[in-house]
Amino acid sequence: MRRIIGLIIFSMAIPGFGVELYIQDFDSGSWPAGYTYEGNWQIGNNWDGNDSPPAAIYNWSPRQINFEHNMTTDYIDVEDNDDVLVKFIFALDFYDEDELNGLRISYHGGIDWVTVLDYSIGPDAGDVDVSRRTESFTADIESGADLQIRWTAYGDDSWAFNGWIVDNIQVLTLPKLTSVAIESANEDPATATAGTNIWLNFTTDTEFLFDPYVQINGTACNIDNLGSTNWVAYYTVTELDPDGPLQFTIDFTDINGIDGKTVKETTNGSTVIVDNSDPPSFSVGTVTASGGTVADEIWNSTNTNVQMEINVPQDSAVIDFNYTLGNALSFDGVNDIVEIVSIGDYQV
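Residues numbered from 1 in each chain as written. Predicted model: local features only at pLDDT ≥ 70, side-chain atom pairs only at ≥ 80, totals over all residues. Heavy atoms only, no water.

Chemist: Just checking my understanding: could you explain the overall build of the protein chain for this structure?
Modeler: If you tally the helices and strands in the protein chain, you get 0 helices and 24 strands. A buried classification covers 39% of the 348 residues belonging to the protein chain. If you sum the accessible surface of the protein chain, you get close to 19400 Å²; carbon and sulfur atoms cover 48% of it. (Helix = DSSP H or I, 4+ residues; strand = E, 2+ residues; numbered from the N terminus. Buried < 20%, exposed > 50% of the residue type's maximum accessible area, 1.4 Å probe, protein only. Areas by Shrake-Rupley, 256 points an atom, 1.4 Å probe, with all protein chains shown as cover.)

What follows is the structure in structure tokens.
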């Protein structure tokens, strides 16, 4: 009797194609440079499912008991991509039941190993063969890091199967937004209040399978295609929008059915700050003059400095200061001290 193999999927397989960054088909008949392997991993031509030999095979012989053996790729350069699509072909030529055996697939994108697929054959699975098939998953890559992929054959007794087969490993780019910018209809396009219209413009490196899904501050937006791969999403600020930067998400799928990574930031650093509330009040504390002849509550021509204590409350609409020497003050912490050059016209 044929039964279905137990499959634990941690990252959904995705069909489609992108720009090929890496391919390994083992056609040389020997281990590629930089690959590491343990136990019974080998390059070979045998077993059912190995339809385009040679391939990487975890062979049953020599017999292994309570084993866990890895085959790991060399470091793969993914260029400037922060996520990629990994595809590979695999198969299992099964022999007998009553033993736990499996194949686990994981990747390292710069932080730690992440398990994405785990094919586990339980002791009661019966006679199981996994026909030749293509699997795929997305891998998140840290900035500046390379990618490694690992296949781990494990089990109670390798006698229960003939061989696991892995072939045609590919790393492909995922669809991207090449340009994202947000602006308001105000004279200062980085500010907004209730009733202000917002435009979120973005461009992709591919055609979409269907319209992208865009949200601003959690509200679904109307969108328009401006021609080719250029899009715009529309939003109007409401009284319910909190003070601070507008938050957005853009989800999209390319014409091959590949989902791009959700976009939450602009590419040009643009942002729109909502300010729906009045400025908070503040209080002025002790004011003292120093230098020259000091008199209480008076700043005279002999004084060289004046010190003023001001309690500046938090304002959620303020996220940064554009400080220019001579016409603005910069407060960036607690109990800041700012020196102001004196102007003679205002001395008495």
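Chemist: Can you help me understand the sheet that holds strand β20 (residues 244–245) in this one?
Modeler: Neighbouring strands of a sheet are bound in pairs by backbone hydrogen bonds; such pairs are parallel or else antiparallel. Strands sit in the order β14-β22-β20 across an open sheet of 3 strands; the sheet is mixed. Strand pairing shows two members of the sheet lacking a second neighbour, β14 (191–192) and β20, which therefore form its edges. (Pairing = 2+ DSSP bridges.)

Chemist: Is there a simple way to think about the nonpolar core in this case?
Modeler: Nonpolar side chains in soluble globular proteins tend to end up buried together. Counting residues in hydrophobic clusters, the biggest one holds 40 residues, and the most contacted among them are Trp41, Phe137, Leu147, Trp151, Trp164, Val166 and Val171. Ranked by residues supplied to this core, first place goes to strand β7 (residues 83–94) with 6 residues. (Core = buried A, V, L, I, M, F, W, Y, C linked by side-chain atoms within 4.5 Å.)

Chemist: Any chance you could explain the environment of arginine 132 here in plain terms?
Modeler: Among the secondary structure elements, arginine 132 is positioned in strand β10 (residues 130–140). Taking the relative accessible area as the measure of exposure, arginine 132 reaches 24% and is therefore partly exposed. If we ignore the near neighbours within four places in the chain, the residues touching arginine 132 are Gly49, Asn50, Asp51, Ser52, Ile89, Phe90, Ala91, Asp167 and Asn168. Polar contacts involving the side chain of arginine 132 include one to the main-chain carbonyl oxygen of glycine 49, which spans 3.1 Å. Engagement of the side chain of arginine 132 in a polar contact is seen with the side chain of serine 52, the distance being 2.8 Å. (Contact = heavy atoms within 4.5 Å. Polar contact = N/O pair within 3.5 Å; in protein donor to acceptor, adjacent residues only side chain to side chain.)

Chemist: Looking at this model, I keep getting lost on a negative patch on the surface. Mind explaining?
Modeler: Judged by side-chain charge, Asp77, Glu79, Asp80, Asp82, Asp140, Glu142 and Asp146 come together as a negatively charged surface patch. Residue placement: aspartate 77 occurs in the loop between β6 (65–72) and β7. (Patch = residues over 30% accessible without salt bridge, like charges linked within 9 Å, V, L, I, M, F, W, Y side chains within 5 Å. Salt bridge = Lys/Arg side-chain N within 4 Å of Asp/Glu carboxyl O. Lys, Arg positive; Asp, Glu negative; His and termini not counted. Charge placed at Lys NZ, Arg CZ, Asp CG, Glu CD.)

Chemist: Any chance you could explain unusual backbone geometry here in plain terms?
Modeler: Peptide bonds are mostly trans, and most non-glycine residues show a negative phi. The residue after proline 53, namely proline 54, is reached through a cis peptide bond having omega 0 degrees. If you trace the backbone, proline 54 turns up in the loop between β4 (41–44) and β5 (55–59). Look at the link from serine 61 to proline 62: it is a cis peptide, with omega at 0 degrees. For proline 62, the position within the fold is in the loop between β5 and β6. In the Ramachandran plot, tryptophan 47 falls in the positive-phi region, its phi being about 80 degrees despite a non-glycine side chain. Within the secondary structure, tryptophan 47 sits in the loop between β4 and β5. With relative accessibility at 27%, the residue tryptophan 47 sits in the partly exposed group. Although it is not a glycine, asparagine 217 adopts a positive phi angle of roughly 50 degrees. With a relative accessible area of 24%, asparagine 217 lands in the partly exposed category.

Chemist: Teacher, can you tell me more about the sheet that holds strand β17 (residues 219–220) here?
Modeler: On the basis of which strands lie adjacent, the open sheet formed by 3 strands has the order β17-β16-β21 and antiparallel pairing. Of all the strands in the sheet, the pair left with one neighbour each is β17 and β21 (248–251). Here strand β16 (residues 213–216) pairs with β21 via 4 bridges, running antiparallel. Note that in β21 the partner of tyrosine 213 across the bridge is aspartate 251.

Chemist: What is the right way to read the pairing of β6 from this model?
Modeler: Working note: regular strand, side chains alternate between the two faces of the sheet. Note: strand β3 (residues 36–37) against β6, 2 bridges, orientation antiparallel. The partner of threonine 36 across the bridge, within β6, is threonine 72. Here β6 runs beside strand β11 (residues 148–157); their pairing, made up of 7 bridges, is antiparallel. Bridging from a neighbouring strand, histidine 69 pairs with alanine 153 of β11.

Chemist: It is not clear to me how the pattern of salt bridges should be interpreted in this structure. Could you clarify?
Modeler: When the charged atoms of two side chains lie near each other, side chains of opposite charge can form a pair. What the rule picks out here adds up to 3 salt bridges. In this structure, arginine 63 and aspartate 157 form a salt bridge, with 2.5 Å as the shortest nitrogen-oxygen distance. Taken together, the positions of arginine 63 in the loop between β5 and β6 and aspartate 157 in strand β11 put the pair 94 residues apart, joining distant regions of the chain. For arginine 63, a relative accessible area of 49% gives the class partly exposed. The exposure class of aspartate 157 is buried, given its relative accessible area of 5%. Notably, a salt bridge pairs aspartate 118 with arginine 104, separated by 3.6 Å at the nearest N-O pair. Taken together, the residues span a long stretch of sequence, with aspartate 118 in strand β9 (residues 113–121) and arginine 104 in strand β8 (residues 101–108) at a distance of 14 residues.

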